[in-house]
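Read off the chains here:
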Amino acid sequence: MIELKNISTLNIIGFESGKKNPAGISKKNYKLIKENKLTDYQQLKDFYLKLHESVVYCKPSIFCETDGLKKMIMETEYALNNCYNDPELFEYYKLTNTANALYDHEVVDYNTCARDLLYGSPFEYGDNDYKKRSSLISPLNIYELKQCLTHCNTSGKNMLKLILNIDNNKEIERILRALYLYEEQLERQAFELNGSENKGQKDKLFYLNINKKIDLIKPQLREIINYFVYNANELVWEEKPGKDILRISDAVYSHSYQNVHDRDRIAYLLGNYVSLEEAKKGLVKTKAIDRFILR
């Protein structure tokens with residue numbers, strides 16, 4: 001049975017990269033939902049009731065202002081009362097409490113682009129076909145992506161499936177695998193941040209030291225591609241097994257403008273999923289490179 005907690009408020013406040021306030025609610029209500037981090041309709045209802053039960057807040061302006069929210073809650077409850085489907089929800093791997101204590105996980109997720117997940121080829125933007133994997137999720141940040149995975153509409157359909165317009169779970173499983181690798185990387189980044197002087201960068205933890213890592217990885221690309229050629233049939237992000245291995249090989253052994261651009265892309269992708277220490281010691285030597293191979 002679908003509950004209010006299964007319905008995300010993203011349909012009210014929209015995605016960060018898209019149209020703001022898609023539901024057309026008042027600026028004050030929009031601000032209330034955002035600032036109080038009301039991520040689902042149960043939280044929204046609880047907040048609404050608490051707001052109105054207190055004498056302190058019982059002002060005509062408050063009642064009038066929140067009428068729109070009450071209407072949305074009532075309409076959603078009515079829809080759920082007339083639906084007997086089960087909610088289609090997907091759980092993602094969650095970080096350990098130890099690493100979580102070092103930073104605000106939700107803030108980091110909000111500041112990390114979904115297109116930087118290991119989902120879809122890093123070279124897809126050079127292709128003519130734009131209906132590729134990472135381009136589908138690129139409008140979202142990780143926070144929004146997780147909200148979509150764990151929530152549904154009033155008919156029970158998973159929100160991310162609705163956005164991506166897919167009917168099976170195969171692509172969802174790939175996204176969940178990509179999120180698992182993302183969470184593992186946050187653990188590595190948190191460990192390095194804890195011993196770092198760059199405490200001010202914790203809100204963008206995923207991108208910590210990325211430029212340094214790219215500079216260290218670029219000279220290793222020939223060694224990396226040779227390792228892929230002899231040890232990998234498919235990389236974790238690939239749509240067609242082996243296709244990107246060939247393209248990386250071309251990029252490493254040629255010097256055209258496109259090849260240089262491809263080298264930058266692959267160094268950026270690899271850099272996002274290794275620690276600074278691994279980049280210094282070498283991805284092949286430390287076996288960090290194995291996390292990019294689909295077993």
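As a starting point, this report considers the structure included with it. Owing to the predicted nature of the structure, the values given are computational and were not obtained by experimental measurement.

Calculation notes
- Residues numbered from 1 in each chain as written.
- Predicted model: local features only at pLDDT ≥ 70, side-chain atom pairs only at ≥ 80, totals over all residues.
- Heavy atoms only, no water.
- Helix = DSSP H or I, 4+ residues; strand = E, 2+ residues; numbered from the N terminus.
- Contact = heavy atoms within 4.5 Å.
- Areas by Shrake-Rupley, 256 points an atom, 1.4 Å probe, with all protein chains shown as cover.
- Polar contact = N/O pair within 3.5 Å; in protein donor to acceptor, adjacent residues only side chain to side chain.
- Salt bridge = Lys/Arg side-chain N within 4 Å of Asp/Glu carboxyl O.
- Buried < 20%, exposed > 50% of the residue type's maximum accessible area, 1.4 Å probe, protein only.
- Axes fitted to C-alpha atoms, helices over the stretch in contact; angles between N-to-C directions.
- Parallel < 35°, antiparallel > 145°, perpendicular 65-115°, else oblique.
- Left-handed = near helix turned anticlockwise from the far one by under 90°.
- Core = buried A, V, L, I, M, F, W, Y, C linked by side-chain atoms within 4.5 Å.
- Phe/Tyr/Trp six-rings, centres within 6.5 Å; stacked < 30°, edge-to-face > 60°.
- Lys NZ or Arg CZ within 6 Å of the ring centre and 35° of its normal.
- Expected span 1.5 Å × (residues − 1).
- Arc of directions from axis to C-beta.

**Focus on the overall build of the protein chain**
- Looking only at helices and strands, one finds 16 helices and 0 strands in the protein chain.
- When contacts within the protein chain are restricted to residue pairs at least 6 apart in sequence, long-range pairs at least 24 apart make up 70% of them.
- Surface accessibility of the protein chain: about 15,600 Å² in total, with carbon and sulfur atoms responsible for 52%.

**Some remarks on the side chain of serine 8**
- Following the sequence through the fold, serine 8 ends up in the segment before α1 (10-13).
- Within the local environment of serine 8, its side chain forms a polar contact with the backbone nitrogen of leucine 10, the two atoms lying 3.0 Å apart.

**Let's talk about the pattern of salt bridges**
- As enumerated under the stated definition, the model contains 15 salt bridges in all.
- Glutamate 75 is the partner of lysine 71 in a salt bridge, and the nearest nitrogen-oxygen pair spans 2.5 Å. Taken as a pair, lysine 71 and glutamate 75 lie in helix α5 (residues 67-81) at a separation of 4 residues, close to a single helical turn.
- Of the charged contacts, one joins glutamate 278 and arginine 291 as a salt bridge, the two residues approaching to 2.8 Å between their closest N and O atoms. Linking glutamate 278 in helix α16 (residues 276-281) with arginine 291 in the segment after α16, this pair joins segments that are 13 residues apart in sequence.
- For glutamate 278, a relative accessible area of 14% puts it in the buried group.
- A single salt-bridge network, built from bridges that share partners, covers Asp109, Lys146 and Glu183.

**Quick look at the packing of helix α9 (residues 142-149) against helix α11 (residues 170-194)**
- For the pair α9 and α11, interaxial distance at closest approach is 12 Å and the crossing angle is 135°. With respect to α11, the element α9 is oriented oblique. Crossing of α9 against α11: the hand is left-handed. For the pair α9 and α11, the contacting residues are Ile142, Leu145, Lys146 and Leu149 in the first and Ile172, Ile175, Leu176, Leu179, Tyr182 and Glu183 in the second.

**Here's the deal with the nonpolar core**
- By size, the foremost hydrophobic cluster in this structure holds 80 residues, and its most contacted members are Leu117, Phe228 and Phe292.
- In terms of residue count, α11 provides more of this core than any other element does, 10 residues in total.
- Ignoring any residue separated from it by four or fewer positions in sequence, one finds phenylalanine 292 in contact with Leu118, Phe228, Glu234, Leu235, Val236, Trp237, Leu269, Leu270, Tyr273 and Val274.

**Some points on the packing of aromatic side chains**
- Taken as a whole and assessed by the stated rule, the structure comprises 6 aromatic pairs.
- Here the aromatic rings of tryptophan 237 and phenylalanine 292 are separated by 6.4 Å at their centres, their planes lie at 70°, and the arrangement is edge-to-face. Within this pair, whereas tryptophan 237 is found in the loop between α13 (221-231) and α14 (243-252), its partner phenylalanine 292 is found in the segment after α16, the two being separated by 55 residues in sequence. Each of the two residues, tryptophan 237 as well as phenylalanine 292, counts as buried.
- Each residue in the set Tyr182, Phe206, Tyr207 and Tyr273 is aromatic and connected to the rest through ring pairs, giving one cluster.
- The aromatic ring of tyrosine 92 is capped on one face by lysine 94, whose charged end is 5.9 Å from the ring centroid.

**Examining α9**
- Within α9, 8 of the 8 residues are buried, which leaves the element mostly enclosed by the surrounding structure.
- Considered for burial, the residues of α9 that qualify are Ile142, Tyr143, Glu144, Leu145, Lys146, Gln147, Cys148 and Leu149.
- At the N-terminal end of α9, a side-chain oxygen is found 3.2 Å from the backbone nitrogen of tyrosine 143, two or three residues along, and the residue is asparagine 141.

**Let's talk about unusual backbone geometry**
- A positive phi is found at asparagine 165, a non-glycine position, where the angle reads about 60°.
- Positionally, asparagine 165 belongs in the loop between α10 (159-164) and α11.
- Of note, the phi angle at asparagine 209 is positive, near 65°, even though the residue is not glycine.
- You can see asparagine 209 is positioned in the loop between α11 and α12 (210-217).
- Note on asparagine 209: relative accessible area 13%, which makes it buried.

**Description of helix α3 (residues 41-53)**
- With 13 residues, α3 extends 18 Å between its outermost C-alpha atoms, agreeing within 8% with the 18 Å of an ideal straight helix rising 1.5 Å per residue.
- Those residues of α3 that sit buried are Tyr41, Leu44, Tyr48, Leu51 and His52. Seen from one end, α3 has its buried residues packed into an arc of 90°, which puts them on one side. Summarising the geometry of α3, the exposed residues directed more than 90 degrees from the buried face are Lys50 and Glu53.
- Where α3 starts, the residue carrying a side-chain oxygen 2.9 Å from the main-chain nitrogen of glutamine 42 turns out to be aspartate 40.

**Looking at the packing of α13 against α14**
- Here α13 crosses α14 at 150°, and the two axes come no closer than 10 Å. It follows from the interaxial angle that α13 and α14 lie roughly antiparallel. As for the relative orientation of α13 and α14, their crossing is left-handed in sense. Residues Leu221, Arg222, Ile225, Phe228 and Val229 of α13 form the contact with α14, whose participating residues are Ile245, Ile248, Ser249 and Val252.

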